[in-house]
Amino acid sequence: MLLTIYLFISVLFFIVFSAYKAWKYASMPIHSRLELYPVPKEAGRASYGGSYYEEVEWWNKPRQVSHGNEIKDMLQEMLFIKKLFENHQRLWWPSYSFHIGIYFLFLWTICLLIGTAWPEQAITYLINITGVAGFVLASIGNIALLIRRITDHDMRKYTTPQEYFNLFLILAVLLSGIYAWSGNVLFFLPREIIHQLLTFQALQVDPAVLIHLILLSFMFIYIPLSKMNHYVGKFFTFHKVLWENEPNLPGSKVEKELMEAAAHPPATKWSAPHMNQD
Amino acid sequence: MSHSSEIQPKDIAKPVDKLGEVYSLMVLSAPYDKEGMEPDLKEPKDSWKTKFCASLDGFIALDTLVRPSTSEEEDEFVQKFINGLAKLFADSNNNFLQPLQLTMDYCAKCNTCSEACHVFEATNRHELYRPIFRSEVFRKIYKKYFTPGGKLLGKFVGADIDINWESIARLGELAYRCNLCRRCAQTCPLGLDNGTLTHEIRKIFSQEMGIAPTALHTKGTELQLKTGSSTGMNKLAFLDTIEFLEEEIEEKTGRKIKIPIDKKGADFLLTHNAGEYLAWPENPAAFAILFEEAGLNWTLSSSMIGYDNVNYGIWYDDTMARKVALQQFEAAKELGIQRIVIGECGHAHKAGIVSSDRMTYGEDKVRVESCLPLLWELVETKRLTFNPEKNNFPVTLHDPCNIVRHMGIVQPQRNILKAICPQFREMTPHGVDNYCCGGGSGFAVMQSLNFPDFRNKISTRMKFQQILNAFDEELVTNTDIVKYVCAPCSNCKGAIRDMLEYYQATDRFNIHYGGLVELMVNALTTLEQPYLTFTDE
């Protein structure tokens, strides 16, 4: 029963702490503008990096915003890691293999959950496809990233022991998962375990599965505490910094936020002599 | 240390005379690929080494950062930095907190940003100039002092750095080896920004430790707040300058123009970088010729800071930036004008339009825009007519980072050049992917000690290469033909002026530089004499 509770707690921790991290960034005060072009929501101008500042008296012109463009760019980044592909293709291959593998494993988990309520042949196929693709692609990508980090002089120099630990931890989870789940009937065991978990039963597992589940739970707890929670931060770096170009016009949301911020002046003061002169 | 690739961020405290020597540089295109085409780098004087921090790479940007004479002074210096670092993550830095925290938290050290940096590439990938080298030194210090992981686990999380006067001083110098062009941030798969981090390091030095280059602070923002201009030009001198401009215009074009000053009821206030009046008066003069011929209702201001749109504060000190920006808004309000048009100055564009956008609100705020869309409107609507044949020589365009990458003003200046310059050609890359001129973030005005060597030889090198490539074969096959680098930005012009002089490119290959409006006036159908004479550079 302890294992069941541990698994539940780790997943809950993953969700709650990821949400807490997002809340922390979201509740930070309004900042100076630091957008960088191209900003994809600039309708009709994003293709060459233009903005509303290309208009005379821009504040009198209707603002042309394309949320469709923004979503398209966001999806390209999420699904294909577009920036890495465009700027660092050698690293894109292992990184993409790793990330797409994780996406497949996420789908695999959803399929496993669906499979408990809808045990049709179709879902079995989906479980097998997403599971095999997920474990294989994520493992290949992970190993390739590790090799790259170890053999590339420039990357090695900047990699901390913790960053190796992160990659080894995930690799351990993946490899132990492959070993644990590769029975005669593919992915029969995880389906069984998911069923036991959802019905809140004590898990009866062999040592290989036990080791995998302990590692997996530890990973769920560890990820939100480490920089591997970049799935949270990346939303803010793009949407709230690089693509955030809302002007401060009278009556705007930005103006309201600035007024609220002005009502709470900072208590901490800088100390250089000129900072305290009028 | 011998080879730059062996240097690591944790070496920043290493007790060596010079952490990294610049041995080799990117080979320039022909004819600059031959020996003797450019001056060699010089060693810093011994007296500079004992007084300042020349132990990073031999260059000195921070001429106000002097070595301590006692260990107490050294401890105090380090403590001040740590105090400043704490304030960077407190409410005292609310306006940068979110972007700073994100960049501190997530770097994957994938090195995707490295190749985007013109300084790193110009030095054949010198480790000190790798964008994440500086960030990693900073991150390690932050972890060591301020994160639970760093305090508990030390080396395991990368908090493996010693801190002393030398390491902090070197980090301060390192913050002035980056042009803040943020080209690296454009490439980051996680959207992180080493340029902003560099800006924040400069901020600690200025706002907490009182250390900033003299050219930016004492002879920059402080002088501007005292006299009205970072050039030291006061109101009387400004009025004299305008009289001189009117005489120049009459002498050059035969036109008697009364330049409007402090005209109440004008549609807009035009502001220039005051450096233009002194170094390139033909630029503000050209604006006056165009606006008068187009019949615009415009004015200049003679009130405090109203005649100088520079704002060096955006490069190193938020408080100074705010003081200057608010004073500039005030100048417009005094005239009852609610619209400022920024002349050809890149950082003034960003400071006046983007950086100051959230510094105030309501009645304190004035609407600000770029001159470029307005100039294009005058061309597009045929309010002014041009004869492109007058500009029938090779012209290329430099994209100022502040106007293009940081603001998205890309097409108006191109549209104008395409309309009035038959031999216009782009640099590669251009637009939002451009390279910085090498003068960005204050480098163009920092002339003390041996810093100009760093600028001319290293930070402007990629731009010089782009210029050579833009003119390609014409460069050597036809030295009689004028080649024009159009740079609609004062600081970029300053950097390009020094670069062309350093490489003797004007004397050798007839490469000239200037603004956009000069080309426009030169092509005006109503003007009989050429406006551009290419004799005084």
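Residues numbered from 1 in each chain as written. Chains lettered and ligands numbered in written order. Predicted model: local features only at pLDDT ≥ 70, side-chain atom pairs only at ≥ 80, totals over all residues. Heavy atoms only, no water.

J.: What should I look at first to understand the overall build of chain B in this one?
T.: Within chain B, the secondary structure is distributed over 23 helices and eight strands. Taken over C-alpha atoms, the radius of gyration comes to 23 Å for chain B, in line with the 24 Å a tight globule of 537 residues would show. Along the first, second and third principal axes, the C-alpha set of chain B runs to 75 × 60 × 45 Å. Classification of the 537 residues of chain B by burial places 67% in the buried group. Just so you have it, chain B exposes about 17,800 Å², and 49% of that area is on carbon and sulfur atoms. Put simply, chain B has 59 plus and 72 minus side-chain charges, and the middle of one group is 4 Å from the middle of the other. (Helix = DSSP H or I, 4+ residues; strand = E, 2+ residues; numbered from the N terminus. Rg over C-alpha atoms; globule rule 2.2 N^0.38 Å. Buried < 20%, exposed > 50% of the residue type's maximum accessible area, 1.4 Å probe, protein only. Areas by Shrake-Rupley, 256 points an atom, 1.4 Å probe, with all protein chains shown as cover. Lys, Arg positive; Asp, Glu negative; His and termini not counted. Charge placed at Lys NZ, Arg CZ, Asp CG, Glu CD.)

J.: Explanation requested: unusual backbone geometry in the structure shown.
T.: Peptide bonds are mostly trans, and most non-glycine residues show a negative phi. Looking along the chain, the bond that leaves A:Tyr37 and enters A:Pro38 is cis, with omega of 5 degrees. Structurally, A:Pro38 can be placed in the loop between α1 (2-26) and α2 (67-80). Here the amide bond leading from B:Thr428 into B:Pro429 is cis, since omega sits at -10 degrees, within 30 degrees of zero. Of note, B:Lys109 is a non-glycine position whose phi angle comes to about 50 degrees, a positive value. Looking at the element boundaries, B:Lys109 is found in the loop between α3 (97-106) and α4 (118-122). Take B:Lys109: its relative accessible area is 1%, and that puts it in the buried class.

J.: Help me understand the interface of chain B and chain A in this model?
T.: The parts lose accessible area when they come together, and the size of an interface is often stated as this lost area. Listed as interface residues are 86 residues of chain B and, on the opposing side, 74 residues of chain A. In this assembly, chain B packs against chain A so that about 7,000 Å² is buried in total across both faces, 58% of it on carbon and sulfur atoms. When the buried area of chain B at its contact with chain A is split by residue, B:Gln98, B:Tyr106 and B:Arg358 rank highest and sum to 13% of it. Put simply, chain B and chain A have eight salt bridges between them. For the pair chain B and chain A, the interface holds 46 residue pairs in polar contact (both at pLDDT 80 or more). Partitioned by chemical class, the residues of the side of chain B that touches chain A number 36 nonpolar, 26 polar and 24 charged. (Contact = heavy atoms within 4.5 Å. Buried area = accessible area lost by both parts, 1.4 Å probe. Salt bridge = Lys/Arg side-chain N within 4 Å of Asp/Glu carboxyl O. Polar contact = N/O pair within 3.5 Å; in protein donor to acceptor, adjacent residues only side chain to side chain. Nonpolar A, V, L, I, M, F, W, Y, C, P; charged D, E, K, R; others polar.)

J.: Would you explain the nonpolar core in this entry?
T.: As a rule of thumb, soluble globular proteins bury nonpolar side chains together. Counting 171 residues, the largest nonpolar core has B:Phe81, B:Phe291 and B:Leu375 as its most contacted members. It is helix α13 (residues 282-294) of chain B that contributes the most residues to this core, eight residues altogether. Residues within four places of B:Phe291 in sequence aside, it is in contact with B:Phe268, B:Leu270, B:Leu296, B:Trp298, B:Leu374, B:Leu375 and B:Leu378. Counting 42 residues, the second-largest nonpolar core is a separate cluster that includes A:Ala138, A:Met155, A:Leu174 and A:Ile194. (Core = buried A, V, L, I, M, F, W, Y, C linked by side-chain atoms within 4.5 Å.)

J.: What exactly am I supposed to notice about the side chain of B:Thr187 here?
T.: Relative to the helices and strands, B:Thr187 resides in helix α8 (residues 183-187). Within the structure, the side chain of B:Thr187 is placed 2.8 Å from the backbone oxygen of B:Cys184, a separation counted as a polar contact. In this view, B:Thr187 contacts A:Lys83, A:Asn87, B:Thr112, B:Cys113 and B:Ala116; residues no more than four positions away in its chain are not counted.

J.: It is not clear to me how the packing of aromatic side chains should be interpreted in this structure. Could you clarify?
T.: Two measures describe an aromatic ring pair: the distance that separates the ring centres and the angle between the ring planes. In the structure shown here, the tally under the stated rule is 50 aromatic pairs over all chains. A centroid spacing of 6.1 Å and a plane angle of 45 degrees characterise the contact between A:Tyr25 and B:Tyr106, whose relative ring orientation is tilted. Taken together, the residues span two chains, with A:Tyr25 in helix α1 and B:Tyr106 in helix α3. Residue A:Tyr25 is classed as buried on the basis of its relative accessible area of 2%. (Phe/Tyr/Trp six-rings, centres within 6.5 Å; stacked < 30°, edge-to-face > 60°.)

J.: Looking at this structure, I do not really get the sheet that holds strand β3 (residues 339-342) of chain B. What am I missing?
T.: The pairing of strands in a sheet comes from backbone hydrogen bonds and takes either a parallel or an antiparallel form. All names here are of chain B. Read from one edge of the open sheet, four strands run β2-β1-β3-β4, paired in parallel fashion. Each edge of the sheet is formed by a strand with only one pairing partner; in this case those strands are β2 (298-299) and β4 (367-370). For strand β1 (residues 268-271) and β2, the ladder comprises two bridges, and the chain directions are parallel. Its bridge partner being in β2, Leu269 is matched across the sheet by Thr299. Of the strands in this sheet, β1, β3 and β4 touch helix α14 (residues 318-334), which is tilted by about 125 degrees from β3. (Pairing = 2+ DSSP bridges. Axes fitted to C-alpha atoms, helices over the stretch in contact; angles between N-to-C directions.)

J.: Teacher, can you tell me more about a nonpolar patch on the surface here?
T.: All names here are of chain A. Together, Ile71, Leu75, Met78, Leu79, Phe80, Ile102 and Tyr103 make up a nonpolar patch on the protein surface, roughly 600 Å² of accessible area in all. For the nonpolar patch, the secondary-structure elements that each account for two or more residues are α2 and α4 (89-117). Here the nonpolar patch gets five residues from one element, more than from any other, and that element is α2. If you trace the backbone, Ile102 turns up in helix α4. With a relative accessible area of 34%, Ile102 lands in the partly exposed category. (Patch = residues over 30% accessible without salt bridge, like charges linked within 9 Å, V, L, I, M, F, W, Y side chains within 5 Å.)

J.: Would you take a moment to explain the packing of helix α5 (residues 131-146) of chain B against helix α9 (residues 194-208) of chain B for this structure?
T.: Each pair of packed helices gets described by two things: the angle between the helix axes and the distance between those axes. Residue and element names in this part refer to chain B. Orientation of α5 relative to α9, taken along the N-to-C sense of each, is 50 degrees, at an axis distance of 9 Å. Taken together, the axes of α5 and α9 are oblique relative to one another. At the point where α5 passes α9, the crossing takes the left-handed sense. Where α5 approaches α9, its residues Pro131, Ile132, Arg134, Ser135, Phe138 and Arg139 are matched on the opposing element by Asn194, Leu197, Thr198, Ile201 and Ile204. Of the residues contributing to the contact of α5 with α9, the split by class is six nonpolar, three polar and two charged. (Parallel < 35°, antiparallel > 145°, perpendicular 65-115°, else oblique. Left-handed = near helix turned anticlockwise from the far one by under 90°.)

J.: Where do I start with helix α2 (residues 71-88) of chain B in this structure?
T.: Structurally, the α-helix is built with 3.6 residues per turn, so residues lying three or four positions apart point the same way. Residue and element names in this part refer to chain B. Compared with the 26 Å implied by 1.5 Å per residue over 18 residues, the 26 Å span of α2 between its first and last C-alpha is a close match. Taken as a whole, α2 has its buried residues at Phe77, Val78, Phe81, Ile82, Gly84, Leu85, Lys87 and Leu88. Looking at the buried side of α2, the elements it contacts are α3, α5, α7 (165-174) and α9. (Expected span 1.5 Å × (residues − 1).)

J.: For this particular structure, what's the right way to read empty space enclosed by the protein?
T.: Picture a little ball the size of a water molecule; that probe, rolled over the atoms, points out where space is still empty. Residues and elements named next belong to chain B. Using the criterion set out here, one finds five cavities of 30 Å³ or more in the structure. Volume-wise, the largest cavity comes out at about 130 Å³. Around the largest cavity, the lining comprises 14 residues; the ones closest to its centre are Cys117, Pro131, Cys178, Asn179 and Cys184. Those elements that place two or more of their residues in the lining of the largest cavity are α4, α5 and α9. Grouping the constituent residues of the lining of the largest cavity by class yields seven nonpolar, four polar and three charged. In this structure, the second largest cavity spans a volume of roughly 110 Å³. Lining the second largest cavity are 15 residues, and of these Cys107, Cys113, Ile132, Cys188 and Leu192 lie nearest its centre. Looking at the lining of the second largest cavity, its residues break down into nine nonpolar, four polar and two charged. (1 Å grid on protein atoms, 1.4 Å probe; cavity = no way out; pocket = protein on both sides within 12 Å on 5 of 7 lines; lining within 4 Å. Points joined across faces, edges and corners; volume = space filled by probe spheres on them.)

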